[in-house]
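Next come the chains, spelled out residue by residue.
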Amino acid sequence: MKATINGIQLAYTDEGRGTPIVFLHAFPLNRTMWEPQVRALSGQFRVITVDLRGHGESDAQLWNFPLSLYADDVHGLLDHLKIARAVLVGLSMGGYVLFAFYRQYPQQAQALILADTRAQADTEEGREGRRIMAQAALAQGHAPVTDTMLPKLLSQESRDGRPELVARVTGMITSTPISGIIVDCMAMADRPDFVPLLTEIACPTLVVVGDKDQATPPADARTIAEGIKGAKLETIAGAAHLSNLEQPEAFNRAVADFVGSLK
Ligand code: MLT
C-alpha cells in the first residue's frame, strides 16, 4: 500500500489487529527486513512496516533531508492510518529515526523498542566514513556499499553458512536507490546526539541487542538502557547487527512478551 505523506509516496504494509506495532528498518535496507516479524506477530498484533523515504518502494528524492523529516513521515503515516498511539520499533538507523520521532511526538509513543542502535551522534571518523560511502555509491553504485555493509550487518557465521540470508540482505541493499543511500549518509552524519533525550523518555522501553553486534555493540545498548528510566535490556545470543533476521525467534519472543506486558 502507498500513502502520500509530506509530498512523497510512502510504501507500507499493515497486517493484523490489536496493539499497533510500527517497525522502522535499518540502513540501507527496506521494510521487507521485517518479514519474519510480520509473519510471527501479525496474528496477535497490528503490524505495520514502512519503507522510509529513499528506500524500497517509497519515493527517493535527492536532497539533504534531516532524520527528523523521516520521523515526520512516520508521524504522517500514523495520522493517515488514524493511529493515535503505537509501539514503535527501530533497528539501527530505524532507532535513530525513533529517537527523532520521540523528541517530536512523545504522545504518540505507547512504548519503544530500540534494537541494535545507539544514542550517540557520529564521531568525526564516523562522519568521514559516511562521506566516503556516499561518494563511492555515487561513483560506483551498490558494490562498495554492499562490501562495506554486509560484514557490519551479518555475523561471520551467517556470511559463511547462510547463503539465503546473505542473498536476501544483499538484494535489499542493491534495490535501495543510490539517492536514498546518499541522503541517508548525510542524514545520519548530521543527526544530533540523542543521549540527553534518554532521561526524557517516559514510556515503557525495551532495548534489544545481538551479543555479536559490532556495528552498535552491547555497550551502546547498555548506555540506552541505563539512560531510560525503567528500560529493559534483552541480549540476543548468536546475533550480530540484524538480530531480527539472524535470530528471529528470540527477537519475536522479546517483542511479543514486551508488547503483551503493556497495560
Ligand atoms: C544501520 O544498520 O542502520 C546502520 O549500520 C546504521 C549506521 O550506519 O549508523
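Structural notes, computed from the coordinates. Note that residues are indexed from 1 along each chain, following the sequence as it is written. Where local features are concerned, this predicted model is filtered to residues with pLDDT of at least 70; where side-chain atom pairs are given and counted, the filter is 80 or more; whole-chain, interface and lining totals use all residues. Only heavy atoms go into the side-chain values, all of them from the structure, while hydrogens and water stay out.

A word on the packing of aromatic side chains
Note on aromatic pairs: the rings of Phe, Tyr and Trp (six-membered ring only in Trp) are paired at centre separations within 6.5 Å, and the planes decide the class, stacked below 30 degrees, edge-to-face beyond 60, tilted for the rest. Enumeration according to the criterion identifies 4 aromatic pairs in this entry. Ring plane angle 45° and centroid distance 4.8 Å describe the contact between F23 and W34, whose orientation is recorded as tilted. One end of the pair, F23, is in strand β3 (residues 20-24); the other, W34, is in the loop between β3 and α1 (35-41), and 11 residues separate them in sequence. For every residue, the accessible area obtained with a 1.4 Å probe (protein chains only) is divided by the maximum for its type, and the residue is called buried under 20%, exposed over 50%, and partly exposed between those limits. The buried category is assigned to F23, whose relative accessible area is 0%. Elements are defined by DSSP. Helices are runs of H or I of four residues or more, strands are runs of E of two residues or more, and each kind is numbered from the N terminus.

Some thoughts on the environment of L78
Mapping L78 onto the fold places it in helix α2 (residues 67-80). Taking the C-alpha atoms as reference, L78 lies 22 Å from G180; in sequence the two are 102 residues apart. For this analysis, residues touch if any pair of their heavy atoms sits within 4.5 Å. Excluding its chain neighbours within four sequence positions, the residues that come into contact with L78 are V22, I83, A86, F101 and Q108.

Structural notes on the sheet that holds strand β6 (residues 109-115)
Ordered in space as β1-β2-β4-β3-β5-β6-β7-β8, the 8 strands form an open sheet in which the pairing is mixed. Each having just a single partner strand, β1 (2-5) and β8 (232-236) make up the two edges of the open sheet. For this sheet the average axis-to-axis angle between neighbouring strands, irrespective of direction, equals 25°. The pairing of strand β7 (residues 205-210) with β8 spans 5 bridges and is classified as parallel. Each pair of strands is called paired provided DSSP finds at least two bridges between the two strands. Here an angle of 0 to 180 degrees is reported between the N-to-C directions of two axes, which are lines fitted to C-alpha atoms, with helices fitted over the stretch in contact.

Quick notes on the environment of L198
Relative to the assigned elements, L198 resides in helix α9 (residues 195-198). Using a relative accessible area of 2% as the deciding quantity, one classes L198 as buried. Sequence separation of L198 and S158 is 40 residues, and the distance between their C-alpha atoms is 33 Å.

Description of the site of the ligand
When we say a residue is near a molecule or strand, we mean one of its heavy atoms is within 4 Å of it. Contacts to the ligand come from A26, F27, S92, M93, Y96, R130, M149, L153, M188 and H241. N or O atoms closer than or at 3.5 Å make up a polar contact, with two conditions inside protein: a donor-capable atom paired with an acceptor-capable one, and, for residues adjacent in sequence, both atoms drawn from side chains. Here an oxygen atom of the ligand and a backbone polar atom of F27 are 2.7 Å apart. M93 places a main-chain nitrogen or oxygen 2.9 Å from an oxygen atom of the ligand. The protein chains shown are the only cover counted for residues, whose accessible areas, like all others here, come from Shrake-Rupley with a 1.4 Å probe. Here the ligand has 270 Å² of accessible area as a free molecule, and 92% of this is covered by the chains. Mapped by element, the contributors of at least two residues to the shell around the ligand are α3 (93-104) and α5 (142-153).

Regarding the packing of helix α4 (residues 124-140) against α5
At a minimum axis separation of 6 Å, α4 and α5 run at an interaxial angle of 140°. Taken together, the axes of α4 and α5 are oblique relative to one another. Residues M133, A136, A137 and Q140 of α4 lie in contact with α5, whose contacting residues are H142, A143, P144, V145, T148 and M149. In terms of residue class, the contact of α4 with α5 is made up of 7 nonpolar, 3 polar and no charged. Angles are sorted into four bins: roughly parallel if under 35 degrees, roughly antiparallel if over 145, roughly perpendicular if 65 to 115, and oblique for all others. All amino acids are sorted into three groups, where Ala, Val, Leu, Ile, Met, Phe, Trp, Tyr, Cys and Pro are nonpolar, Asp, Glu, Lys and Arg are charged, and the leftover types, Gly among them, are polar.

Some details on the nonpolar core
With 96 residues, the main nonpolar core has V169 and L242 as its most contacted residues. Setting aside residues no more than four positions away along its own chain, L242 makes contact with A26, L29, M33, L91, L153, L154 and V169. Nonpolar core, defined: a set of buried Ala, Val, Leu, Ile, Met, Phe, Trp, Tyr and Cys residues in which side-chain atoms within 4.5 Å join the residues together.

What to know about α3
Residue count minus one, scaled by 1.5 Å, sets the expected span of a helix. Its 12 residues give α3 an end-to-end C-alpha distance of 17 Å, which sits within 8% of 16 Å, the value for a rise of 1.5 Å per residue. Within α3, burial applies to M93, G94, G95, Y96, V97, L98, F99, A100, F101 and Y102.

Quick word on unusual backbone geometry
In this model, F27 is joined to P28 through a cis peptide bond whose omega is -10°. With respect to the helices and strands, P28 occurs in the loop between β3 and α1. A positive phi angle, near 55°, is found at K82, a position not held by glycine. Its location among the elements puts K82 in the loop between α2 and β5 (86-91). Positive phi values are uncommon outside glycine, yet S92 reaches one of about 55°.

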